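# Residue-level structural notes
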Amino acid sequence: MTELLYIYTTVFALYFLVYAVLVSSTPRKVRDKYTPKDANLCVVVYASGKVPTLENLLKQLKSQNYPQNNYTIYAILDKCEDVSEVTLQSDLNVNVININNLEPIGKSQAYSIIAEKLYSVENLDGYVFLDAKNYVDSDFLQNANYYLTKYEVFNPIVTYLPQDNDLTFFQNVKSVFSKYLYKFIYCSRTRLGLTNILNTDSFVIKRNLLNKVAVFDFRNIVSEMEYTLKLAKEGVKVATVEDVHVYDSIDKFDYRIPSLSKRLELFFSEFAKQHQTIISREFLFSLAAPNWLMFLIGFMIPLIHTHNFPAAISYSTVLITFVLFLIAFFTGLLKMKFYPKEYLYLFAYPIISIGRIAYNIPICRGIRNIFNKTTHKHVVEKMTTEVYITDGNRDYKARIDLISDDGLAKITFINPNGKKYTTKNNHLRMIDALRELSTKLKDYGLTLKTCQNCKYFQNLVDGSTNMVKGTCSCGFEGRTPGDIIPTLIWNTCPNFEEQNVINLF
């Protein structure tokens, strides 16, 4: 067992050694920004919720050092708040798609709508996808155009900026760790011709590739990992380009590292399958890479074991390997050219990481829950109402309990046989709890016949967090024209018709 642990750690230590050699031996090249052709680009900006940065990003995109005739800007407003559609519509340089569903449809579906809309457009070379929280330089599209001739899909470097004058200690740790990941790990993998996990907050992709791989699926970072594997199976590598930058607020920092358990789960489920390319197999293999804590354990246990007991691998071999790994690690750090303080922040990351792990382990969560229950008296409100569900052929009467626990919403569904199901998550809004229940019933082929799921329901944004009010637009017989009929999300009536679902690409 000790030998296997040593081999596992050593194999991935070699990765660090190669990365360090690349950083040491590859000088930064000054490139000629001239390209034979200015590609026709479609820049897609996705905005959902409150996006105070949207207007600023659109201004930056409209003032690019790139021929204006060679790029078009689309702004997708997915249930946006505090954004004036009228103001944006009056801007002839921005095409606005306003999606005003009951809930945001999500980035995947929004991007798929654009891909379908522009599928048959001629003379389109590539897409630039940006989340509205980003900022860009004036030469962003010029640089993206240059590297689109070299890569089919790539991610820019993300730099996190402070909102105030100075970063806090924890923000400095996050910022330096992000710089280390992008400029050392991801850029080294790109130089080796390997693939990185696609960052859907900002990426550039060739139009032909997008048409080939078809539908997007960007639910979370795990789905981004799965999408990267899908590209790798097609022989496509996701590059990380050091000369293309986007900027984000440090307050929105995301470690963007799937947990080791999720990575290993994908590795074991996919690695042995057929129809894998060399790129996809290497990518799967890289997912099994240990984190820094596993590296330490992977070397410390063999060192202690071989020092005290005879083993197939000698103590000196383990020690030499460990020293080589440390040399590679510190060589890579030195070549990063951090400021002295930045090295200190990077070495503080393991301490913060241990704190995050300890904070989220089940025992600590249990202690916090017990403490919260003993020190805080919950305010629980409940209302019961009758609803109908349908399997497409028949309607069945059921009940739901609408529960507010300290302002957080959840729903208990009681089926006709008396069996209960309670939504798994606590939501800020009752509308979201009802959506979770509707999705769960959909898995069993059932539709919840409530106003929220009816195509005639218009949500009423009244400033409340629950957003339970709305109006009915059904033109039933005898309705007075112009009448406004108020209703609630859990109501139902004989005129129920299910919402139309926006088809994906």
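Residues numbered from 1 in each chain as written. Predicted model: local features only at pLDDT ≥ 70, side-chain atom pairs only at ≥ 80, totals over all residues. Heavy atoms only, no water.

The next thing to look at is the pattern of salt bridges. Within this structure, the stated rule accounts for 17 salt bridges. Measuring nitrogen to oxygen at the nearest pair gives 3.7 Å for the salt bridge that ties Lys 397 to Glu 386. Placement of Lys 397 in strand β10 (residues 395-405) and of Glu 386 in strand β9 (residues 380-390) is noted, with a sequence separation of eleven residues between them. On the basis of relative accessibility, which here comes to 44%, the residue Lys 397 falls in the partly exposed class. Residue Glu 386 is classed as partly exposed on the basis of its relative accessible area, which comes to 47%. Among the charged side chains, a network of salt bridges with common partners joins Lys 107, Asp 131, Lys 133, Asp 201 and Asp 248. (Salt bridge = Lys/Arg side-chain N within 4 Å of Asp/Glu carboxyl O. Helix = DSSP H or I, 4+ residues; strand = E, 2+ residues; numbered from the N terminus. Buried < 20%, exposed > 50% of the residue type's maximum accessible area, 1.4 Å probe, protein only.)

Turning to empty space enclosed by the protein, a few remarks are in order. The method is simple in principle: a probe with the dimensions of a water molecule rolls over the atoms, and the space it marks as empty is what remains. Under the definition given, this model contains one cavity of 30 Å³ or more. Lining of the largest cavity is provided by Lys 133, Asn 134, Val 158, Tyr 160, Asn 199, Asp 201, Ser 202, Val 246, Asp 248, Lys 252, Asp 254 and Arg 256. Counting only elements with at least two residues in the lining of the largest cavity, the list comes to β6 (153-161) and β8 (238-249). Taken together, the residues of the lining of the largest cavity break down into three nonpolar, three polar and six charged. (1 Å grid on protein atoms, 1.4 Å probe; cavity = no way out; pocket = protein on both sides within 12 Å on 5 of 7 lines; lining within 4 Å. Points joined across faces, edges and corners; volume = space filled by probe spheres on them. Nonpolar A, V, L, I, M, F, W, Y, C, P; charged D, E, K, R; others polar.)

To continue, consider the packing of aromatic side chains. Summed over all chains, the structure comprises 27 aromatic pairs. Through a chain of ring-to-ring contacts, the aromatic side chains of Tyr 180, Phe 184, Phe 299, Phe 322, Phe 325, Phe 329, Phe 330 and Phe 347 assemble into a single cluster. For Arg 281, the ring lying beneath its charged end belongs to Phe 271, and the centroid distance is 5.6 Å. (Phe/Tyr/Trp six-rings, centres within 6.5 Å; stacked < 30°, edge-to-face > 60°. Lys NZ or Arg CZ within 6 Å of the ring centre and 35° of its normal.)

The contact between helix α9 (residues 260-270) and helix α10 (residues 278-287) brings their axes to 8 Å, and the two run at 145 degrees. Where α9 crosses over α10, the two elements pack in a sense that is left-handed. Contact residues: α9 offers Leu 260, Arg 263, Leu 266, Phe 267 and Glu 270, while α10 offers Leu 284, Phe 285 and Leu 287. By residue class, the composition of the contact of α9 with α10 is six nonpolar, no polar and two charged. (Axes fitted to C-alpha atoms, helices over the stretch in contact; angles between N-to-C directions. Left-handed = near helix turned anticlockwise from the far one by under 90°. Contact = heavy atoms within 4.5 Å.)

The next thing to look at is helix α15 (residues 430-443). Along an α-helix, residues three or four positions apart point the same way, because every turn accommodates 3.6 residues. Helix length check: α15, at 14 residues, gives a terminal C-alpha distance of 20 Å against a target of 20 Å (1.5 Å per residue), a fit within 8%. What α15 keeps buried is the set Met 430, Ile 431, Asp 432, Ala 433, Leu 434, Glu 436, Leu 437, Ser 438 and Leu 441. Contacts from the buried residues of α15 go to β9, β10, β11 (408-414), β12 (420-422), β13 (447-448) and β14 (457-459). Just past α15, the residue Gly 445 takes up positive phi, approximately 75 degrees. (Expected span 1.5 Å × (residues − 1).)

Turning to the environment of Lys 469, a few remarks are in order. Inspection of the secondary structure puts Lys 469 in strand β15 (residues 469-472). Here Lys 469 falls in the partly exposed class, since its relative accessible area comes to 42%.

Strand pairing in a sheet is mediated by backbone hydrogen bonds. Such pairs are either parallel or antiparallel. One open sheet holds the five strands; their spatial order is β12-β11-β10-β9-β13, and the pairing between them is antiparallel. Edge positions in the open sheet fall to β12 and β13, since each of these has one partner strand only. The sheet contact formed by β10 and β11 spans seven bridges and is antiparallel. Bridging from a neighbouring strand, Asp 401 pairs with Thr 412 of β11. Helix-sheet contacts for α15 involve β9, β10, β11, β12 and β13, and the interaxial angle to β11 is about 35 degrees. (Pairing = 2+ DSSP bridges.)

Let us look at a nonpolar patch on the surface. On the surface, Leu 293, Ile 297, Ile 301, Ile 357, Ile 361, Ile 363 and Ile 367 cluster together into a nonpolar patch covering about 590 Å² of accessible area. Counting residues per element, the ones that place at least two in the nonpolar patch are α11 (292-308) and α14 (362-375). Along the chain, Ile 367 falls in helix α14. Overall, Ile 367 belongs to the exposed group, its relative accessible area being 53%. (Patch = residues over 30% accessible without salt bridge, like charges linked within 9 Å, V, L, I, M, F, W, Y side chains within 5 Å. Areas by Shrake-Rupley, 256 points an atom, 1.4 Å probe, with all protein chains shown as cover.)

Going through the model one piece at a time under the given rule, you end up with zero disulfides. Its sulfur unpaired, Cys 451 is 6.1 Å from the next cysteine sulfur, which belongs to Cys 493. Under the relative-accessibility criterion, Cys 451 is labelled buried at 14%. In this model Cys 474 remains outside any disulfide bridge; the closest cysteine sulfur is found in Cys 472, 5.2 Å from its own. By relative accessible area, Cys 474 is classed as buried at 7%. (Disulfide = S-S within 2.5 Å.)

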